[in-house]
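Structural description and commentary
Spelled out from the first residue to the last, the chains are:
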Amino acid sequence: MRSSTFFYIIISYVLLGLVTADEETNSEFENSGFTGSSTHTNNWAVLVSTSRFWFNYRHMANVLSLYRTVKRLGIPDSQIILMLSDDIACNPRNAFPGTVFNNQDQAIDLYGDSIEVDYRGYEVTVENFIRLLTDRWDENQPRSKRLLTDENSNIFIYLTGHGGNEFLKFQDAEEISAYDIANAFEQMYEKKRYNEIFFMIDTCQANTMYEHFYSPNILSVGSSAIEESSYSHHSDMDIGVAVIDRFTYYTLEFLEKIKKNSKLTMDKLFDEYTFENVHSNPGIETKLFNRPMNETLLTDFFGNVQNVHVDEVEDDILYVANHDKNGILHDPVDDATEQNEEAYASTAPTDRSLLFGSADTEERTTLTKITPKQTKIFGGITVLVLIGLWFVGK
Ligand SMILES: *[C@@H]1O[C@H](CO)[C@@H](O)[C@H](O)[C@H]1NC(C)=O
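Thresholds applied
Residues numbered from 1 in each chain as written. Predicted model: local features only at pLDDT ≥ 70, side-chain atom pairs only at ≥ 80, totals over all residues. Helix = DSSP H or I, 4+ residues; strand = E, 2+ residues; numbered from the N terminus. Buried ≥ 20, exposed ≤ 12 C-beta atoms within 10 Å, placed from the backbone. Contact = placed C-beta atoms within 7 Å. Expected span 1.5 Å × (residues − 1). Arc of directions from axis to C-beta. UniProt positions renumbered as here; feature names shortened; annotations may be inferred. Pairing = 2+ DSSP bridges. Axes fitted to C-alpha atoms, helices over the stretch in contact; angles between N-to-C directions. Parallel < 35°, antiparallel > 145°, perpendicular 65-115°, else oblique. Left-handed = near helix turned anticlockwise from the far one by under 90°. Core = buried A, V, L, I, M, F, W, Y, C linked by C-beta atoms within 7 Å.

In this section: the overall build of the protein chain. The helix and strand inventory of the protein chain stands at 14 helices and twelve strands. A burial count over the protein chain gives 36% of its 394 residues as buried. Residue pairs in contact within the protein chain that sit at least 24 positions apart in sequence constitute 72% of those at least 6 positions apart.

Listed below in structure tokens is the structure:
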């Protein structure tokens, strides 16, 4: 009788251990990250081209270029909403049917590598865009066409098309106003649908589109001031139209240099937005955003969360990851800034997604998440085995 009481006490202790292991994991999760870093745990992108017709080739190229970039930097298709007033790849005037290029050398066919368009053609409407942001749909709306964000999501929102003072045209048929977007963002804030938003717009008089935002944690940039056009960067003789806008061109040219583990900050990108480059006055609005630009990583919006995983890893695993075989400490962050980023990829075992591609990320998350629990389970099993031996001994 006394031995079974002892047995129950041990079992209770083991169960209690499992529960507290979970709580520890959660609190570590919330406190993760270094000072000034974003607290988000997932990344989303909403990329919208609103114009139609062949002569607007560049708008579609703008948006597809950013699509390619955020995918390369680790945001999965399931977390990218692509709205494309898609008719250039199949336009009869396209000398290269089924293709879209953003540069003269036609090195990258933007339409080529598996593009998942979520809203195309006449589905790209003001109503659908607002519903997407605020998640007001009937129950038949498929999950793949919803923005399934929460208060831990960082969202990059990119719009391109034809615009004017405080409006952006959708399909030449209707327009969205600066106030519509401002109010949609406020609803998103109230419904805890984001942690931070990075809003980027490339259109004529773009900067008028964000001036009415009033919700917290929104960073905005636009290609041109009031009364200014957004200029196309260059035309392609074979395609016969302008293939990309200047503002987006310089954004992309800069982003081409960064990798998933990049520690480059927003201010470095904004340094590219000169009148000389863009031929208009790009706008940068930080008043609603509570982190300094020199401490806001580009990958906080253009990539998928990387730093959170490291905090969850068991101490001993961290030790192995951060020390070489002689036990010398290597801080992955310092290493990254000291060496070039290529070298970092091969010296930082904690960032395995760099070596094995983004498909590995989820598996890795699962592995590191259950590690503390596994430790408790192993502990529990050991205790049970000892009890067993004790019974046998009796
Ligand atoms: C960012 O800029 C501010 C103001 O210029 C400066 O005080 C701060 O040290 C900078 N932070 C970093 C990480 O460079």
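Once that is clear, we can look at helix α4 (residues 178–190). Helix length check: α4, at 13 residues, gives a terminal C-alpha distance of 19 Å against a target of 18 Å (1.5 Å per residue), a fit within 8%. For α4, the set of buried residues is Ala 178, Ile 181, Ala 184, Phe 185 and Met 188. One side of α4 carries all its buried residues, which in axial view fall inside an arc of 130°. In α4, the exposed positions angled more than 90 degrees off the buried face are occupied by Tyr 179 and Glu 190.

This paragraph deals with the UniProt feature "active site" (unreviewed entry) in the protein chain. Here the UniProt feature "active site" (unreviewed entry) sits at His 162 and Cys 204. Sequence-wise these annotated residues cover 43 residues; spatially they are packed, their C-alpha atoms never more than 6.5 Å apart. Assignment of secondary structure puts His 162 in the loop between β4 (153–160) and β5 (163–164). Beyond its immediate chain neighbours, meaning those up to four positions away, His 162 contacts Ser 51, Lys 169, Thr 203 and Cys 204. Mapping Cys 204 onto the fold places it in the loop between β8 (196–202) and β9 (218–222).

What follows covers the environment of Leu 219. Considering the arrangement of structural elements, one finds Leu 219 in strand β9. It is 9.0 Å that separates the C-alpha atoms of Leu 219 and Asn 290, two residues lying 71 residues apart in sequence. Beyond its immediate sequence surroundings of up to four residues, Leu 219 is in contact with Phe 198, Thr 286 and Phe 289.

A separate point is the pairing of β9. For a regular strand, the rule is simple: side chains alternate between the two faces of the sheet. In terms of residue burial, β9 counts as a mostly covered element, since five of its five residues are buried. The side-chain alternation of β9 yields two buried faces, one formed by Ile 218, Ser 220 and Gly 222 and the other by Leu 219 and Val 221. When β8 meets β9, the two strands line up parallel, connected through five bridges. Paired with Phe 199 across the bridge in β9 is Ser 220.

Here we come to the pairing of strand β6 (residues 167–170). Judged by which residues are buried, β6 turns out to be one-sided: Leu 168 and Phe 170 face inward and are buried, whereas Phe 167 and Lys 169, on the alternate face, are not. For β5 and β6, the ladder comprises two bridges, and the chain directions are antiparallel. The residue bridging Gly 163 from the neighbouring strand is Leu 168, located in β6. Linking two consecutive strands that pair antiparallel, namely β5 and β6, is a turn of two residues; a positive phi of about 65° is found at Glu 166 within it. Sheet topology note: the β6/strand β7 (residues 174–177) ladder contains four bridges and is antiparallel. Its bridge partner lying in β7, Phe 170 is registered against Glu 174.

This part covers the packing of helix α3 (residues 126–134) against α4. Between α3 and α4, whose axes approach to 8 Å, the crossing angle comes to 25°. Here α3 is positioned roughly parallel relative to α4, judged by the angle of their axes. Where α3 crosses over α4, the handedness of that crossing is right-handed. Across from Ile 130, Leu 133 and Thr 134 in α3, the residues of α4 making contact are Asp 180, Ala 184, Gln 187 and Met 188.

For the rest of this paragraph, the subject is the sheet that holds strand β1 (residues 42–49). Strand order in the open sheet formed by seven strands is β3-β2-β1-β4-β8-β9-β12, and the pairing between neighbours is mixed. Of all strands in the sheet, those with a lone pairing partner are β3 (119–120) and β12 (283–285), marking the two edges. When β1 meets strand β2 (residues 80–84), the two strands line up parallel, connected through five bridges. The partner of Val 48 across the bridge, within β2, is Met 83.

Through backbone hydrogen bonds, the strands of a sheet pair up, either in parallel or in antiparallel fashion. With antiparallel pairing, the three strands of this open sheet are ordered in space as β5-β6-β7. The open sheet has two edge strands, β5 and β7, and neither has a second partner.

A few words now on the nonpolar core. One finds Val 46, Leu 47, Val 63, Val 70, Phe 156 and Tyr 158 to be the most contacted residues of the largest nonpolar core, which totals 59 residues. Tallying contributions element by element places helix α2 (residues 57–72) first for this core, with seven residues. If we ignore the near neighbours within four places in the chain, the residues touching Val 46 are Ile 81, Leu 132, Leu 147, Ile 155 and Ile 157.

Our focus in this paragraph is unusual backbone geometry. Notably, Asp 135 is not glycine yet its phi reads approximately 60°, a positive angle. Mapped onto the secondary structure, Asp 135 falls in the loop between α3 and β4. At Asn 217, a position not held by glycine, the phi torsion is positive, near 65°. Topologically, Asn 217 is positioned in the loop between β8 and β9.

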